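An overview of the molecular structure
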Amino acid sequence: MGKATVPDEGSMPIPGTIHLVDLEGTMTAKHAKGARRDIVLVPAPSSDPDDPLNWSPARKALSTACMCVYTLMVGIASAAIYSVLVPISDSTGLTLADLNAGTGYMFLAFGWGCLFWQPLALQYGKRPVYLISILATLGIQVWAPSTTSNGQWIANKVLQGFFGAPIESLCEISVTDIYFQHERGAYIALYALLLAGSNFVAPVFAGFIADGQGWKWVLYWCAIFCAIGFVFLFFFMEETNYNRAPIVGLASEPQASSLPASVAGDDEKRTPASADVEAVEPLSENTVRPKTYLDKLKLWQEADIRKPNQLGGFITRPLKFLTFPVIAYAGFSYGSNLCWFNVLNGTASLILGGEPYNFPAWAVGLSYLCPLVGVAIGSVYTGWIGDRIVLNMARRNNGVLEAEHRLWLFLPSLLLIPFGLILWGVGAAHAIQWFGEIFAMGIIAITNTIGLQLSVSYCIDSYKDLSGEAMVTVILVRNTMSFAVGYGLTPWVTDMGLQNAFILAAFVGMAQCATFLILVKYGKELRRKSAPRYAKYVEKVASSGMLH
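Naming follows an unreviewed UniProt entry, where the protein chain appears as Major facilitator superfamily (MFS) profile domain-containing protein of Friedmanniomyces endolithicus. UniProt, in the comment section headed Subcellular location (unreviewed entry), describes the protein chain in these words: "Membrane".

1. Here we look at the pattern of salt bridges
Scanning all chains against the criterion turns up 14 salt bridges. Here Arg317 and Glu469 are joined by a salt bridge, their closest N and O atoms 2.4 Å apart. Of the two residues, Arg317 is situated in helix 13 (residues 311-320) and Glu469 in helix 19 (residues 467-496); the sequence distance between them amounts to 152 residues. Comparing Arg317 with Glu469 shows no difference in burial state: the two are buried. Notably, a salt bridge pairs Asp461 with Arg406, separated by 3.6 Å at the nearest N-O pair. Of the two residues, Asp461 sits in helix 18 (residues 434-462) while Arg406 sits in the loop between strand 2 (400-402) and helix 17 (411-429), which places them 55 residues apart along the sequence. You'll find Asp461 and Arg406 in the same group, each marked buried.

2. What about the packing of helix 13 against helix 19?
Closest axis-to-axis distance for the helix 13/helix 19 pair is 8 Å, and the angle between their directions is 50 degrees. Accordingly, the angle class assigned to the pair helix 13 and helix 19 is oblique. The handedness of the crossing between helix 13 and helix 19 is right-handed. Between helix 13 and helix 19, the residues in contact are Gly313, Phe314, Arg317, Pro318 and Leu319 and Glu469, Val472, Thr473 and Leu476, respectively. Tallied by class, the residues present in the contact of helix 13 with helix 19 amount to five nonpolar, two polar and two charged.

Reading the values: rules and limits
Residues numbered from 1 in each chain as written. Predicted model: local features only at pLDDT ≥ 70, side-chain atom pairs only at ≥ 80, totals over all residues. Heavy atoms only, no water. UniProt positions renumbered as here; feature names shortened; annotations may be inferred. Salt bridge = Lys/Arg side-chain N within 4 Å of Asp/Glu carboxyl O. Helix = DSSP H or I, 4+ residues; strand = E, 2+ residues; numbered from the N terminus. Buried < 20%, exposed > 50% of the residue type's maximum accessible area, 1.4 Å probe, protein only. Axes fitted to C-alpha atoms, helices over the stretch in contact; angles between N-to-C directions. Parallel < 35°, antiparallel > 145°, perpendicular 65-115°, else oblique. Left-handed = near helix turned anticlockwise from the far one by under 90°. Contact = heavy atoms within 4.5 Å. Nonpolar A, V, L, I, M, F, W, Y, C, P; charged D, E, K, R; others polar.

Next up, the structure:
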């Protein structure tokens, strides 16, 4: 791969602004097929059949299924203990404060562990990182029932967070490896569904397992699930790392994806692998042969091993990216929306298990089915529906997609966040009918999913060429905020009371959500000003063959 060229500042393209729709049919870039033939494929696929963008629909579906299995298994293992904390406390002698502190450290490690695993995945491959992560989580779940002291519990949770960290920032990049710009929203929404959904579904079955087999079997079953997931990933997950030309903005995209017009009519000689990619010129005789199944099973691919070592840059750049306003905002937005999920989890037993509802533990766990429905609704809205809304906005903008277009999908959250929080907290203070509380859980889950998907997509859409490292920055901000809120939640609700605490939370949540309007107005200018630094980092990464 040749060295990326950084244009003069005066003509520098804006990262996150791309020509996505060819309204007049005059661009020579590669296009999608069928009813979407006017959509420009971003990034441009190569002619290599093993380029993940060129994979067949079945091959892409299998890769996506592997990502889903990993997310579900590791996600369930991280959340299953929420509904069995009291039995764990009674059996081990650890206080609820000790147990909650351990889970707080776990989520902090989920964030900061990305600084270790993400560079390894980008340098040496995502497949080995996924396998090590789920295998280590398996072992940690087997160890957890044997912990008897606070030190052992905290160590167990910190290690679980550290080894489970790829679930936070690597899955999103796996999506961008195999899907085009106009497809990503739906599959990142699928990831959001599984990530948030696993956190809501785990307490449901954990309560029944604890009643039937004891709390230790909640953790043993998590280990069994991880074992099943490891076997599935080992035999079916293949590497998605692939070095390709950079996409630094609107000006460079047509040239980066140019396709000679003479190719357009020779269908017999061009057999595309992917159903979404127009056929391209046949590979030359010197092209590397397609991978065999045994090649796909290798832990490390030869191309990844031969790359120059860039781990130092991968570790330090996510910290430097905190100075990019758009990336910092994405982390703040993600973290702020996750805070309300933490508020819900932290008060569910207090509200539903206390007067006047007096739900038993299994009923509190069963109430999480409503948030699961909310997560599904939020995923459909931000994914499949959101992709169509954003695509229509690009068509109305002369075919040009701005990263901020997707932020308009936050509009429903402006009302849903305060509505859900007031119904949950103030409703409980006034002892409303129990269904109102369950309904509020579903509303909060919808807003949590919207915040997750849109924040992640905004970061990736804005700085695609460095999204692997930028996502680490987003997760660091998000999990640090989550850790801080978790520590202050109990005294906040206790000292202010449910009504005052949640009225305050409602208006804080609405104000936080409204910040997307600032980015809608000024986001493009912020991206324009960041273009020189962004291009410098892209050049540095591309010159070493590490661009994904």
